[in-house]
Each structure stands twice: as structure tokens, then as C-alpha cells.
Amino acid sequence: MTRKANHGFSGWAVAATVLCTIWVVLAAVPPSFGTEAIKTINFQNADVRSVLNFLAEYGGVNLVAAPNVQGQVTLNLKNVEWRAALDILAKTYGLQVVDETGYLRVLLLSDYLKDQADLERHNSEQRQLVDLDTKLFSIKYASAVDMAKPLKTLMSARGKVDVDQRTNSLLVSDEPGNLARIEKYVAELDRETRQVKISAKLLEVSSDYADEMGISWNLAHEGQDKNGYVYQGDGSTNGAEQLTNPYGSYKFSFIPHGWNLDAKIAAIVSSGKGKLLAHPEITTIDNKEARIQVGQKIPIKQFSATGDVIITFEEVGTILRVTPHITSENRILLYMKPERSSFIFDPSGVVINTNNAETNVVVENGQTAVIGGLTTQDDLVTNTGVPVLKDVPVLGVLFRYKKTTNQSKDLVIFVTPTIVDAALMGSVDTPAVPHP
């Protein structure tokens, strides 16, 4: 009888200690339910279910703990909201809090992960039983071949896509729920791609003339456009530093609006010191390369492994590759790769001399980007000597000689990109002209 009395007294003592701890904590919290942070939470080896019930009571929510959520916890927090304290407790002791409709459910994290895996496996098995739906998408603006690849990443394991290039269409088969999501992305991807018109002027000018007139094709320049965008070009100066009153300056990264490019080029051409090689214009879609070539194709003879003669053609001259990209601010990012090449005959074959460059520059719509520094050296051979006597047959050889001069020429490329809007495409309605 004595042993039973002592055991009962010990149990009442532990319960009284837990209740006292909870009472002390409750006395420290404000009377309004769960609207303010708990000032002090201090549990030492307390029953986890008792702590969960305390936090649920403070937050004014219903909470159900799984039967196997057992054990002792130690928690010491200050100035923390009840839900944050609940999440800290769950992460520290391997629990998972699940928000259900009208209550919170607390279970072991391992049990939660197992339940999620079982649920996913069940859903997957159910999806395998559902018949696939098939839909035909007629692509208006984009390429069906290009759209097929990103759509495959959105499909389920059973989904597939076929491309009909003749009609530029996509035939998509997938689960009904996933097919609706794919239809949304098809509408987003199949948008009209904006176009950019590339206008290029290829000007060849004598380097000596540029020095005489104080023109520098490699002048560092910095400025600001009408929208406040600061631009800067790099390079080195030459002829402009040699004169006190230079004629002009060239080779900006791009030319600001209002600069009369056509007038400057016309002045150089009319003086006979420069030549406008070409003025091509080409239109390309956004992010697609436009290629301009001015030159010729030369045949090159090669021999195959069997000894047969194979003739290939190499492009020689001036080649300009431009890839425009319209930015979100309606500016144009230009990736430009100019190339200039020439050829000479050699005893061993044909030697092709090439110089090229790559650059990226951001310009406004309609602004002109400039590429310079593509210089070539030409040897000019002229017969000179004593007038009249140098033209006498046989004896004239004694009174004349050949003079070789080296002529340097600079190729300057002006590139003006323009975004093709409705007016340029000719889709703007024009007022009808009444007949007389």
C-alpha cells in the first residue's frame, strides 16, 4: 500500500510541474488570441503533444497530431509568432505540418514523404488509364519545326508531337489536363516576330585623303542621345591630330541623330577621293542573321584522294553579317561581323588575304553604326621618265623607268537598322483618292 501511494504522489508532482510551466508561459502572452508575437516560450523536456496543443490554443486553430507523434522536446524562443514557433518545432524534431481545410495536421516527416510518394504513384497510375487527346495547332507566325522542341519539355511521358511542314502545323497528343496547358504556351510562342530593315553603305576612301582633310576613322567619341542614353566609342586618332582645323571626325560607335551621313559621303565621292562600293538594303526578322556580300567567287582547284580534280568556289570581297535584336526599350542590339578579303596568285596556288572584325553595339531605332579600320594596301605600278624620249621605240627604255607606289585604302561600313512597323510594311490604311 505504501509503494502505490508514493507512485501516485510522484505522478501528480510531474503533472503539476508541466502545468506550472504552461501557466507561466500563458501568463506572459497577451490575452488577444494569436494576434501578437509570443514574448517567451521556454519548454524543457516537455511532452511534444502538450507543446503542440499550447501553440494551437494560442493561434486559435484546430490541430490534430498523428498517434506516433511522441517524445520530449526542448524549446526556448523569444518574440516569435505562434506559427513560426510551430514550424521551428516541426523542422527541429522531424515533423511535418500540413494545412488542411479547417485544421492543421501534424505527422512524422518520414510518414509525410511516404504518403506523397504513394499519392504520386496513384495519380500516375490513374493518368495511364486516361485516353490521350489530340489537337492540331496551325502555326501562323513561327516555324512549327522550331516550336516542337520547347513543347516537348512541357509534355508528359506519354505525350508526343508531330510536325507537318507542308501546312506549318503541330499535331500534339497528350493527357487532357496537360494538353490545355500546352495550348496556352502555343498561343504565347506563336507571335508575330518583329522585323528589322538593315541599310548598309560601303565606302572606300583613300587613307591619304583622310589624313589631309583631318578625318579620323578611329576617333574615340562619347555623347548622349535624345533619351539620355550615354554612348561611347573606342579607338585611336591619326590625321585629326595633325591639323589645327580638322575637316571632320568619323568612326564613332554610332552616329547620333541629325548627322547628315549622305551629304558627307556625297562630298567624298564627288571629290574623287572615295568610292561608294555598294548600298544594299535587306530585311530580316529579329534575332536572325542578315548577310550582305559585295565581291566575287573565285574557283580553286583541288585534288581528291583518288586524284580527281575538284573545283570549289571561295567568296572574296566584302562580306557583312548583321544579327539584330530588338531590346525591351525599343533599341537595337547589333552583332556585326564584317570581313574583307582579296586574293593573289602564287606558284603553289591561290592565296586569300582576309581581315575581319566582330563587334556588338546598341543603337536607337534608325541610328547609324559605323565599322572602320578595314584597311587594304594596293601597289600601283606606273611608267615614268623623260617626256617624248621615253616613248621612242627601243631607245625609250633608256629614258623611262617603272615607279611603284603603295596606296592605302580604308573601307568604312555604315549600318542603319530600322524597326519595320506597320507603316514600313505598307499595312497602314491610306485615304482613298476620289476619282474626278
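This structure is a prediction, so every number in the text was calculated from the model and none was measured. (Residues numbered from 1 in each chain as written. Predicted model: local features only at pLDDT ≥ 70, side-chain atom pairs only at ≥ 80, totals over all residues. Heavy atoms only, no water.)

Student: Whenever I open this one, the overall build of the chain confuses me. Can you help?
Tutor: Scanning the chain from N- to C-terminus turns up nine helices and 21 strands. Counting over 436 residues, the chain shows a buried share of 31%. Here the contacts in the chain between residues at least 6 apart in sequence split such that 62% fall between residues at least 24 apart. Summing over all exposed atoms, the chain offers an accessible surface of approximately 27200 Å²; the carbon and sulfur share of this is 53%. (Helix = DSSP H or I, 4+ residues; strand = E, 2+ residues; numbered from the N terminus. Buried < 20%, exposed > 50% of the residue type's maximum accessible area, 1.4 Å probe, protein only. Contact = heavy atoms within 4.5 Å. Areas by Shrake-Rupley, 256 points an atom, 1.4 Å probe, with all protein chains shown as cover.)

Student: What's the story with the nonpolar core in this structure? I'm lost.
Tutor: Within the largest apolar cluster, 30 residues are counted, with the highest numbers of intra-cluster contacts made by Ile 41, Val 51, Leu 52, Leu 55 and Leu 86. At the level of secondary structure, the elements contributing two or more residues to this core comprise strand 1 (38–47), helix 2 (48–59), strand 2 (63–65), strand 3 (72–80), helix 3 (82–92), strand 4 (95–100) and strand 5 (103–108). Other than its neighbours up to four places away in sequence, Leu 86 contacts Leu 52, Leu 55, Leu 63, Val 97 and Leu 104. One finds Leu 202, Ala 290, Val 361 and Ile 371 within the second-largest nonpolar core, a separate group that totals 20 residues. (Core = buried A, V, L, I, M, F, W, Y, C linked by side-chain atoms within 4.5 Å.)

Student: How should the layout of surface pockets be read in this particular structure?
Tutor: Which parts of space are left empty comes out when a probe the size of a water molecule is rolled across the atoms. Estimates place the volume of the second largest pocket at around 330 Å³. For the lining of the second largest pocket, the element with the highest residue contribution is helix 5 (residues 144–152), accounting for three residues. Each residue belonging to the lining of the second largest pocket can be placed in one class, and the counts come to six nonpolar, two polar and five charged. (1 Å grid on protein atoms, 1.4 Å probe; cavity = no way out; pocket = protein on both sides within 12 Å on 5 of 7 lines; lining within 4 Å. Points joined across faces, edges and corners; volume = space filled by probe spheres on them. Nonpolar A, V, L, I, M, F, W, Y, C, P; charged D, E, K, R; others polar.)

Student: What is the right way to read the packing of aromatic side chains from this model?
Tutor: Summed over the entire model, instances satisfying the criterion amount to one aromatic pair. Ring geometry for Phe 43 against Phe 54: centres 5.7 Å apart, planes inclined by 65 degrees, an arrangement best described as edge-to-face. Of this pair, Phe 43 sits in strand 1 while Phe 54 sits in helix 2, and the two are eleven residues apart along the sequence. Accessibility expressed as a relative area gives 5% for Phe 54, which makes it buried. (Phe/Tyr/Trp six-rings, centres within 6.5 Å; stacked < 30°, edge-to-face > 60°.)

Student: Got a minute to help me understand the side chain of Ser 341 in this structure?
Tutor: Examined against the element boundaries, Ser 341 turns out to sit in strand 17 (residues 332–346). Residue Ser 341 is classed as buried on the basis of its relative accessible area of 9%. Apart from the residues lying within four places of it in its own chain, the contact partners of Ser 341 are Glu 315, Val 316, Gly 317, Ile 352, Asn 353 and Thr 354.

Student: I'm lost on the packing of helix 2 against helix 3 in this one. Help?
Tutor: Two numbers describe a pair of packed helices, the interaxial angle and the distance between the axes. Relative orientation of the contacting elements helix 2 and helix 3 amounts to 160 degrees, with a least axis distance of 9 Å. Relative to helix 3, the element helix 2 is oriented roughly antiparallel. Between helix 2 and helix 3 lies a crossing whose hand is left-handed. Residues Val 51, Leu 52, Leu 55, Tyr 58 and Gly 59 of helix 2 form the contact with helix 3, whose own contacting residues are Trp 82, Ala 85, Leu 86 and Leu 89. (Axes fitted to C-alpha atoms, helices over the stretch in contact; angles between N-to-C directions. Parallel < 35°, antiparallel > 145°, perpendicular 65-115°, else oblique. Left-handed = near helix turned anticlockwise from the far one by under 90°.)

Student: Is there a simple way to explain the side chain of Glu 339 in this structure?
Tutor: Of note, Glu 339 is situated in strand 17. No salt bridge is formed by the buried Glu 339, whose closest oppositely charged neighbour, Arg 321, lies at an N-O distance of 4.1 Å. Residues contacting Glu 339, with those up to four places away along its chain left out, are Gly 317, Thr 318, Ile 319, Arg 321, Thr 354, Asn 355 and Asn 356. (Lys, Arg positive; Asp, Glu negative; His and termini not counted. Salt bridge = Lys/Arg side-chain N within 4 Å of Asp/Glu carboxyl O.)

Student: Just to check I follow, could you spell out helix 2 for this structure?
Tutor: One turn of an α-helix holds 3.6 residues; hence residues three or four places apart share an orientation. Over its twelve residues, helix 2 extends 17 Å from the first C-alpha to the last, a length consistent with the 16 Å expected when each residue adds 1.5 Å. Burial in helix 2 covers these residues: Val 48, Val 51, Leu 52, Phe 54, Leu 55, Ala 56, Tyr 58 and Gly 59. At the N-terminal boundary of helix 2, the capping side chain belongs to Asp 47, with an oxygen 3.2 Å from the backbone nitrogen of Arg 49. Of the residues trailing helix 2, Gly 60 is marked for its positive phi of about 70 degrees. (Expected span 1.5 Å × (residues − 1). Polar contact = N/O pair within 3.5 Å; in protein donor to acceptor, adjacent residues only side chain to side chain.)

Student: Whenever I open this one, the packing of helix 5 against helix 6 (residues 176–189) confuses me. Can you help?
Tutor: At a minimum axis separation of 11 Å, helix 5 and helix 6 run at an interaxial angle of 140 degrees. When the interaxial angle is binned, helix 5 and helix 6 end up oblique. By crossing handedness, the relation of helix 5 to helix 6 is classed as right-handed. Where helix 5 approaches helix 6, its residues Met 147, Pro 150 and Leu 151 are matched on the opposing element by Ile 182, Val 186 and Leu 189. Here the contact of helix 5 with helix 6 is built from residues that sort into six nonpolar, no polar and no charged.

Student: Help me understand the pattern of salt bridges, please; the structure alone is not making it clear to me.
Tutor: Within the structure shown, the criterion is met by nine salt bridges. Between Arg 83 and Asp 99 there is a salt bridge; the shortest N-O distance is 3.2 Å. Within this pair, whereas Arg 83 is found in helix 3, its partner Asp 99 is found in strand 4, the two being separated by 16 residues in sequence. A residue is classified by how much of its surface remains accessible, and Asp 99, at 51% relative accessible area, is exposed. Here the residues in one salt-bridge network are Arg 83, Asp 87 and Asp 99, joined through shared partners.

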